[in-house]
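# Architecture at a glance
Take a look at the letters that make up each chain.
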Amino acid sequence: SINIASLRRKLIGIVFDSAPAHYGKTNTLDAAMQYVTPASERHRLLKIAKSVHANDVRRRFVEFWDALRNDATQIPQLYFYSSCDPLASTKELEEMIAHRERVLGEKNVWKHKFLD
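For clarity, every value in this text was computed on a predicted model and none was experimentally measured. (Residues numbered from 1 in each chain as written. Predicted model: local features only at pLDDT ≥ 70, side-chain atom pairs only at ≥ 80, totals over all residues. Heavy atoms only, no water.)

### Concerning the packing of helix α4 (residues 54-70) against helix α5 (residues 90-104)
- Here α4 crosses α5 at 40 degrees, and the two axes come no closer than 9 Å. In this view, α4 runs oblique relative to α5, as classed from their interaxial angle. On α5, the residues touching Trp65, Leu68, Arg69 and Asn70 of α4 are Glu92, Met96, His99, Arg100 and Arg102.
- Among the residues forming the contact of α4 with α5, the class breakdown is three nonpolar, two polar and four charged. (Axes fitted to C-alpha atoms, helices over the stretch in contact; angles between N-to-C directions. Helix = DSSP H or I, 4+ residues; strand = E, 2+ residues; numbered from the N terminus. Parallel < 35°, antiparallel > 145°, perpendicular 65-115°, else oblique. Contact = heavy atoms within 4.5 Å. Nonpolar A, V, L, I, M, F, W, Y, C, P; charged D, E, K, R; others polar.)

Quick look at the structure:
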């Protein structure tokens, strides 16, 4: 099994590339599905996704986002993102990056927003 504490001691930094995606919007699933081919596979996955209880998914997402946002591990972080990414909300991501800068200090958090 993986020992998370041991793993964290070995990390020298984390790179987020157009991530983490914020799944608070209802159209995020549709945006993600546009990349699934063939169409029959897309329809199959949508059917499965819609059968999952939405409140449980939303609760788990909030738990994930809050844990990521408030993690106090002192590891430098680099965020690459763009406002034209349909899956990663620029607004939510920039709010999280600003919070991470306050938690870790600006010297430990870097960001690069690609021009559209």
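### A look at the environment of Phe16
- Relative to the helices and strands, Phe16 is located in strand β1 (residues 14-17).
- In this structure, the C-alpha to C-alpha distance between Phe16 and Tyr79, residues 63 residues apart in sequence, is 4.8 Å.
- Once residues lying within four places of it in the same chain are set aside, the contact partners of Phe16 are Leu68, Gln77, Leu78, Tyr79 and Phe80.

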